[in-house]
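As a plain string of letters, each chain reads:
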Amino acid sequence: MTEAERARGLVLRLPDTIRVGAYDFTLEQWSPNRAAGAQRWGECSTCEMRISIQRDMPNAIKAADTLLHEISHATWWSF
């Protein structure tokens with residue numbers, strides 16, 4: 001299994017929502033085209049209560065780093 005395949009498997013197994021403080025954020029998986037169009041690996045929208053992350057990452061470290069980065073945005077906003 002390649003690093004990219006392993007990362008994709010991890011992203012696909014993420015839950016549908018994640019609680020940050022008192023708020024539930026929907027986790028959305030972006031296609032590579034959507035992420036490229038946004039010119040980013042992930043995004044946190046506090047208006048829509050959504051965290052988005054690209055489904056196809058180069059490796060598991062990038063996937064985890066991106067998810068934690070977006071969760072940190074949600075954390076700063078919620079507190």
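Anyway, here's the lowdown on the structure attached to this text.

Calculation criteria
- Residues numbered from 1 in each chain as written.
- Predicted model: local features only at pLDDT ≥ 70, side-chain atom pairs only at ≥ 80, totals over all residues.
- Heavy atoms only, no water.
- Phe/Tyr/Trp six-rings, centres within 6.5 Å; stacked < 30°, edge-to-face > 60°.
- Helix = DSSP H or I, 4+ residues; strand = E, 2+ residues; numbered from the N terminus.
- Buried < 20%, exposed > 50% of the residue type's maximum accessible area, 1.4 Å probe, protein only.
- Pairing = 2+ DSSP bridges.
- Core = buried A, V, L, I, M, F, W, Y, C linked by side-chain atoms within 4.5 Å.
- Contact = heavy atoms within 4.5 Å.
- Salt bridge = Lys/Arg side-chain N within 4 Å of Asp/Glu carboxyl O.
- Axes fitted to C-alpha atoms, helices over the stretch in contact; angles between N-to-C directions.

### Observations concerning the packing of aromatic side chains
Next, step 1: Counted according to the given criterion, the structure contains 2 aromatic pairs.
Next, step 2: Residues tyrosine 23 and tryptophan 77 carry aromatic rings whose centres are separated by 4.8 Å and whose planes lie at 55° to one another, so their mutual orientation is tilted. Here the residue tyrosine 23 occupies a position in strand S2 (residues 23-30), and tryptophan 77 occupies one in helix H3 (residues 60-78), the gap between them amounting to 54 residues.
Next, step 3: Accessibility expressed as a relative area gives 39% for tryptophan 77, which makes it partly exposed.
Next, step 4: Three or more aromatic residues link up through ring pairs in this structure, and these residues are Tyr23, Phe25 and Trp77.

### Quick look at the pairing of strand S3 (residues 42-45)
Next, step 1: Of the two faces of S3, the one lined by Gly42 and Cys44 and the one lined by Glu43 and Ser45 are each fully buried.
Next, step 2: In this sheet, strand S4 (residues 50-54) lies alongside S3 in antiparallel orientation, the contact comprising 4 bridges. Residue pairing across strands places serine 45 opposite arginine 50, the latter belonging to S4.
Next, step 3: Hairpin connection from S3 to S4: 4 residues lie between these consecutive antiparallel strands, with methionine 49 at a positive phi of about 55°.

### Notes on the nonpolar core
Next, step 1: With 14 residues, the main nonpolar core has Phe25, Cys44, Ile51, Ile53, Met57, Leu67 and Ala74 as its most contacted residues.
Next, step 2: Only helix H1 (3-12), S2, S4 and H3 provide two or more residues apiece to this core.
Next, step 3: The element that contributes the greatest number of residues to this core is H3, accounting for 4 residues.
Next, step 4: Filtering out sequence-adjacent residues up to four positions away, alanine 74 remains in contact with Val20, Phe25, Cys44 and Ile51.

### Quick look at the pattern of salt bridges
Next, step 1: Applying the stated rule across the entire model yields 6 salt bridges.
Next, step 2: For arginine 19, the salt bridge goes to aspartate 24, with nearest N and O atoms at 2.8 Å.
Next, step 3: Residue class for arginine 19 comes out exposed when judged on its relative accessible area of 56%.
Next, step 4: Taking the relative accessible area as the measure of exposure, aspartate 24 reaches 40% and is therefore partly exposed.
Next, step 5: A salt bridge links glutamate 28 to arginine 50, with the shortest nitrogen-to-oxygen separation between them at 3.2 Å. Pair noted here: glutamate 28 is in strand S2 and arginine 50 is in strand S4, with a separation of 22 residues, a long-range link.
Next, step 6: Through salt bridges with shared partners, a single ionic network connects Glu28, Arg40, Glu43, Glu48 and Arg50.

### Thoughts on the sheet that holds S2
Next, step 1: Judged by pairing direction, the sheet is mixed, and its 4 strands sit side by side in the order S1-S2-S4-S3 without closing on themselves. Where the open sheet ends on each side, the last strands, each with one partner, are strand S1 (17-20) and S3. Shown here is a sheet whose adjacent strand axes are inclined to one another by a mean of 25°, direction ignored.
Next, step 2: Judged from the 4 bridges that link them, S1 and S2 form a sheet pairing that is antiparallel. When the bridges of S2 are listed, isoleucine 18 appears paired with phenylalanine 25.
Next, step 3: Packed onto the sheet, H3 meets S1, S2, S3 and S4 and runs at close to 165° relative to S4.

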